[in-house]
Amino acid sequence: MKKTNLLAMMMGTFFLSIVSTAQTKPFQKEEFKQWAQTPPMGWNSWDCYGPTVEEHEVKANADYMAKELKKFGWEYVVVDIRWFVENDKAGGYNQTDPRYVIDQYGRYLPAVNRFPSAKDGQGFKPLADYIHKKGLKFGIHIMRGIPKKAVEDKMPIKGTNGITADQIYSTALQCEWLRDNYTVVADKPGAQEYYNSIFELYAQWGVDFIKIDDLSRPYHEGEINLIRNAIDHCGRKIVLSTSPGETPISAAQHVSTHANMWRMVDDVWDTWPHITHLMDVAQKWYPYIAPGTWPDCDMIPLGRISIRGERGNDRMTRLTKDEQYTLITFFNIFKSPLFFGGDLPSNDAFTLSLLTNKEVVKMHNESTAVKQLFQKDGKIAVTSKNAKDGSVYLALFNISDKDSEKVSVNLSELGISGTAEVLNMWTGEKSKTTSKEIGADLKPHSSVLYQLKSKK
C-alpha cells in the first residue's frame, strides 16, 4: 500500500472548513469562451523540470515573467504534472513507491516538501496569491480520473450521501503511461460530484488555468463533459486545456464547445521532425481557430530545457536559430496558445527576443482568418489578416532538408493589388513590392514572416 500524508489530509479538512463554500451562480453555456478571447500565453514547468518542479523554481519563473514578459501579454504560470508526489523523479516517473499527498475526499494536495507554502492544508493558495500579486495568473496540471489511492481506501466523495470512490471508477482505459488514477465512469452517481469537489478546491486555491492530461487519445467525451460542468459551477473562471494530442478531428465540434484549447499532437521537443509533424497535423485544424477556442501546438521547447526533464540532459535547445524562428513563427501565425517550456531566468538575449517582438505579439493577438495557402514539396505558406489596421500577414517556410528554395505567393491570393509596403517582422527591414508576387529564397528549415499593407 502506498503511503499517504495523513497530516495533509487532516489539515486540508480544517482549511476547507474555514473557507466559504457559498453557492455561486453557474456560468452560462459556452461563457467560458470569453475567458480566452486571445490565445493564452504563459510558462509551463514540464520541459525543464518534468514532474519534479519546486516552489522556488516556480516563483523564479514568475518573477522573470512579471519583469520581462508581462507587458507583452505573457501571464500564466503553470505547475505541471505530479505536484502531489513527495518523491517523484526526473527521466521517468516514480511508479514504484510514490508517496501521494491526498485529502480525505480523495483529492490530491501539493507535496509540502516541494511546495513549503502549502503547509497546514493551505494547498496552492499561498503560491497562487504570490503570482496574482504580480499581476499574473496561476495554473496547474492534473490527470483525468480519480486516484487509485482513493479507490483502494474507499474514500467518500464530497457532496454525496455516502458514495465512495470505489463506486465511480473503472480500470478500463486507464492511462497507459502513468497509473496514478482510474477512469471515472461518467454516468455513475457521484461521478459529477467528484469532479465538482476538485474544482471547488481549485477555485478556493485561486487556480486560473488547468491542463488536464490523458483526455484526448482516446477522446474521453464523458469525462470532458463532467469537467466542463464542474468548471462552470465552481464560481471561478478557469481556462481549460486538454492534453495531450492527437485529438481526433472527429471530436472537433465537441472539444471546441467544451475546452479553451486542445493539443493537436503529442509532446513537441527540440528536434526538427517534431516540428514538421506538427505542421502536417495542423493542416486539418485551421477551420477551428476561433476566439476562446484554440488548437494547441504544445509547449515551446526553446531556451534552457531538461534541467530535470524527461528528454535528454540539461541543455539549451538543440534547434538551430533558423529552426527556432520557424517554430515560433508557425506557433504565432497559427494563433496557437504560447506556453514557453524553458527555464525563463536562464534565457539568453536571442531567446528573449523571440518572445518580445511587439509586431509579432500584435499579430498573434489581433489576426483573424488564419489559413494555409499551400503545403507541398517542402514549401508552406500561411496567411492571416488584421482588420484593425488592414495588415495582411504572410509566413513562408522551407521545411526541406537539403536545398535552398524560392517560396512565393501571388499577391492576388492575399487580396493585394498594386504597390504593397512590406515589413520583415523579425528583422524590422522595410521594403515595397510592385510585382505580382512576394517571396523569399529560404535555406532548409528556415522561414520568413511578413506584414503587408496595400498602398493605394
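All of these numbers come straight from a predicted model, not from anything done at the bench.

Draft legend 1. Inspection of the overall build of the protein at higher detail. A count of helices and strands for the protein gives 12 helices and 21 strands. On C-alpha atoms alone, the protein measures out to a radius of gyration of 23 Å, which is about the 23 Å that the 2.2 N^0.38 rule sets for 456 residues. Considered along the principal axes of its C-alpha atoms, the protein spans approximately 75 × 40 × 40 Å. Counting every position in the protein, which comprises 456 residues, the buried fraction comes to 58%. Once local pairs closer than 6 in sequence are excluded, the contacts in the protein between residues at least 24 apart make up 74%. Here the protein displays about 18100 Å² of accessible surface, and carbon together with sulfur accounts for 49% of that area. Distance between charge centres in the protein, computed from 56 positive and 55 negative side chains, equals 4 Å.

Draft legend 2. Quick look at the sheet that holds strand β2 (residues 76–79). Pairing is parallel across the open sheet formed by eight strands, whose spatial order is β10-β9-β8-β7-β3-β2-β1-β13. This sheet does not close on itself; its edge strands, each paired only once, are β10 (294–296) and β13 (338–340). Going across the sheet, the axis of each strand differs from the next one's by a mean of 25°, ignoring polarity. Bridging between strand β9 (residues 261–263) and β10 involves three bridges; their strand directions are parallel. Following the sheet pairing, R263 is matched in β10 by D296. Across the sheet, helix α4 (residues 125–132) is in contact with β2 and β3 (137–143); its angle to β3 comes to roughly 140°.

Draft legend 3. Spotlight on helix α6 (residues 191–205). Along its 15 residues, α6 runs 22 Å from first to last C-alpha, staying within 8% of the 21 Å computed at 1.5 Å per residue. Summarising burial for α6: 12 of the 15 residues are buried, a large majority. Restricting attention to buried positions, one finds in α6 the residues A191, Q192, Y194, Y195, S197, I198, F199, L201, Y202, A203, Q204 and W205. One or two steps after α6, the chain reaches G206, where phi turns positive at roughly 95°.

Draft legend 4. Here's a closer look at the side chain of S197. By secondary structure assignment, the location of S197 is in helix α6. Residue contacts for S197: discarding those within four places in its chain leaves R107 and K158.

Draft legend 5. Quick look at the pairing of strand β15 (residues 379–386). Taken across its eight residues, β15 has six buried, putting it largely inside the fold. Across six bridges, strand β14 (residues 368–376) lies against β15 in antiparallel orientation. Residue pairing for β15: K376 is matched across the bridge by K379. The turn linking β14 back onto β15 is made up of two residues, and D377 within it adopts a positive phi angle of 55°. Across eight bridges, the pairing between β15 and strand β16 (residues 391–398) is antiparallel.

Draft legend 6. Inspection of the UniProt feature "domain: Alpha galactosidase C-terminal" (unreviewed entry) in the protein at higher detail. The residues that UniProt annotates with the feature "domain: Alpha galactosidase C-terminal" (unreviewed entry) are residues 377–452. In residues 377–452, the share of helix is 0% and the share of strand is 58%. The end C-alpha atoms are 25 Å apart.

Draft legend 7. Inspection of the side chain of S384 at higher detail. By secondary structure assignment, the location of S384 is in strand β15. Overall, the relative accessible area of 0% leaves S384 in the buried class. Beyond its immediate sequence surroundings of up to four residues, S384 is in contact with I333, M363, S367, T368, A369, V370, S391, V392 and Y393.

Draft legend 8. Broad picture of the packing of α6 against helix α7 (residues 221–232). Contact pair α6 / α7: the axes reach a minimum separation of 9 Å and the direction vectors enclose 50°. It follows from the interaxial angle that α6 and α7 lie oblique. Remark: the crossing between α6 and α7 carries right-handed chirality. Between α6, through A191, Q192, Y195, N196 and F199, and α7, the contact on the second element is made entirely by E223, L226, I227, N229, A230 and I231. Tallied by class, the residues present in the contact of α6 with α7 amount to seven nonpolar, three polar and one charged.

Draft legend 9. How the structure looks around the confidence of the model for the protein. With 95% of its residues at a pLDDT of 70 or more, the protein has an overall mean of 94. Per-residue pLDDT, averaged within each element of the protein, yields its smallest value for helix α1 (residues 6–17) (46) and its largest for β2 (99).

Draft legend 10. Looking closely at the sheet that holds β14. Spatially, β14-β15-β16-β21-β18-β19 is the arrangement adopted by the six strands of the open sheet, whose pairing is antiparallel. Sheet topology places β14 and β19 (430–433) at the edges, where each strand pairs with a single neighbour. Strand-to-strand, the axes of this sheet are offset by a mean angle of 25°, without reference to chain direction.

Draft legend 11. Representation of the environment of R263 in the model. Tracing the chain through its elements places R263 in strand β9. On the basis of relative accessible area, R263 is assigned to the buried category, the value being 1%. For the pair R263 and F331, spaced 68 residues apart in the sequence, the C-alpha separation amounts to 13 Å. Separated by 3.4 Å, the side chain of R263 and the backbone oxygen of D266 make a polar contact.

Draft legend 12. Quick peek at the pattern of salt bridges. Enumeration over the complete set of coordinates arrives at 28 salt bridges. The partner of R236 in a salt bridge is D208, and the shortest N-O contact between them spans 2.7 Å. Taken as a pair, R236 in the loop between α7 and β8 (239–242) and D208 in the loop between α6 and β7 (209–213) lie far apart in primary sequence, 28 residues in all. For R236, a relative accessible area of 25% corresponds to the partly exposed category. Beyond isolated ion pairs, a larger network of salt bridges with shared partners links R82, D88 and D180.

Draft legend 13. Geometry of the packing of aromatic side chains. Taken as a whole and assessed by the stated rule, the structure comprises 26 aromatic pairs. Look at W46 and Y93: their rings are 6.4 Å apart centre to centre, the planes differ by 25°, and that puts the pair in the stacked class. Linking W46 in helix α2 (residues 46–49) with Y93 in the loop between β2 and α4, this pair joins segments that are 47 residues apart in sequence. Here W46 falls in the buried class, since its relative accessible area comes to 6%. Overall, the relative accessible area of 18% leaves Y93 in the buried class. Taken together through their ring pairs, the aromatic side chains of W83, F84, Y100, Y108, F115, F124, F138, F199, Y202 and W205 make up a single cluster.

Conventions and cut-offs
Residues numbered from 1 in each chain as written. Predicted model: local features only at pLDDT ≥ 70, side-chain atom pairs only at ≥ 80, totals over all residues. Heavy atoms only, no water. Helix = DSSP H or I, 4+ residues; strand = E, 2+ residues; numbered from the N terminus. Rg over C-alpha atoms; globule rule 2.2 N^0.38 Å. Buried < 20%, exposed > 50% of the residue type's maximum accessible area, 1.4 Å probe, protein only. Contact = heavy atoms within 4.5 Å. Areas by Shrake-Rupley, 256 points an atom, 1.4 Å probe, with all protein chains shown as cover. Lys, Arg positive; Asp, Glu negative; His and termini not counted. Charge placed at Lys NZ, Arg CZ, Asp CG, Glu CD. Pairing = 2+ DSSP bridges. Axes fitted to C-alpha atoms, helices over the stretch in contact; angles between N-to-C directions. Expected span 1.5 Å × (residues − 1). UniProt positions renumbered as here; feature names shortened; annotations may be inferred. Parallel < 35°, antiparallel > 145°, perpendicular 65-115°, else oblique. Left-handed = near helix turned anticlockwise from the far one by under 90°. Nonpolar A, V, L, I, M, F, W, Y, C, P; charged D, E, K, R; others polar. pLDDT = per-residue confidence, 0-100. Polar contact = N/O pair within 3.5 Å; in protein donor to acceptor, adjacent residues only side chain to side chain. Salt bridge = Lys/Arg side-chain N within 4 Å of Asp/Glu carboxyl O. Phe/Tyr/Trp six-rings, centres within 6.5 Å; stacked < 30°, edge-to-face > 60°.

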